[in-house]
Amino acid sequence: VAIDQLPFVVGSSSDVNLPLAAATVSRRPASFHWIGGQGMLVRDEDSRNGIRVNGETVRERTLRAGDGVKGGPFLLELQIVVLGATNATEATVNAH
């Protein structure tokens, strides 16, 4: 899923950017934000069970390409791609 709107919100609610259908996922547990030139930030939005980045429970963390963000039974993997000479950046998140 392309991250084309920020903040990019995931959760079990129908009004999020990436719906995650599971009883153990909060309605809006996490959001993703760009941090100019440093990558992307994930923020725990007061989820019931917390979010984990690469196995560590966090409230907020700057992510790098390939980091795994776990919420409930889902593992989200961030991919960041620099597009040609313009240095434009595109990000996607894959849910497993």
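In what follows, the structure referred to is the one given above.
Below is a short write-up of the structure. (Residues numbered from 1 in each chain as written. Predicted model: local features only at pLDDT ≥ 70, side-chain atom pairs only at ≥ 80, totals over all residues. Heavy atoms only, no water.)

Strand pairing in a sheet is mediated by backbone hydrogen bonds. Such pairs are either parallel or antiparallel. Strand order in this open sheet of five strands is E2-E1-E3-E4-E7, and the pairing throughout is mixed. Looking at strand neighbours, the two that pair on one side only are strand E2 (18-19) and strand E7 (60-63), the edges of this open sheet. Bridge count between strand E4 (residues 39-44) and E7: four bridges; the pairing is antiparallel. Counted as the bridge partner of Val 42 is Arg 61 from E7. (Pairing = 2+ DSSP bridges. Helix = DSSP H or I, 4+ residues; strand = E, 2+ residues; numbered from the N terminus.)

In this section: the pattern of salt bridges. Applying the stated criterion to the full structure yields five salt bridges. Note that Arg 43 and Glu 60 form a salt bridge whose closest N and O atoms lie 2.8 Å from each other. Pair noted here: Arg 43 is in strand E4 and Glu 60 is in strand E7, with a separation of 17 residues, a long-range link. A relative accessible area of 27% places Arg 43 in the partly exposed class. For Glu 60, a relative accessible area of 45% translates into the label partly exposed. Put simply, Arg 59 and Asp 46 hold a salt bridge, and the shortest N to O gap is 3.1 Å. Within this pair, whereas Arg 59 is found in the loop between strand E6 (56-58) and E7, its partner Asp 46 is found in the loop between E4 and strand E5 (51-53), the two being separated by 13 residues in sequence. Comparing Arg 59 with Asp 46, the two get one shared label, exposed. (Salt bridge = Lys/Arg side-chain N within 4 Å of Asp/Glu carboxyl O. Buried < 20%, exposed > 50% of the residue type's maximum accessible area, 1.4 Å probe, protein only.)

Of note, Gly 50 is situated in the loop between E4 and E5. In sequence terms Gly 50 and Val 25 are 25 residues apart; their C-alpha atoms lie 9.7 Å from each other. Discounting residues that sit within four places of it in the chain, Gly 50 has contacts with Asp 44 and Lys 70. (Contact = heavy atoms within 4.5 Å.)

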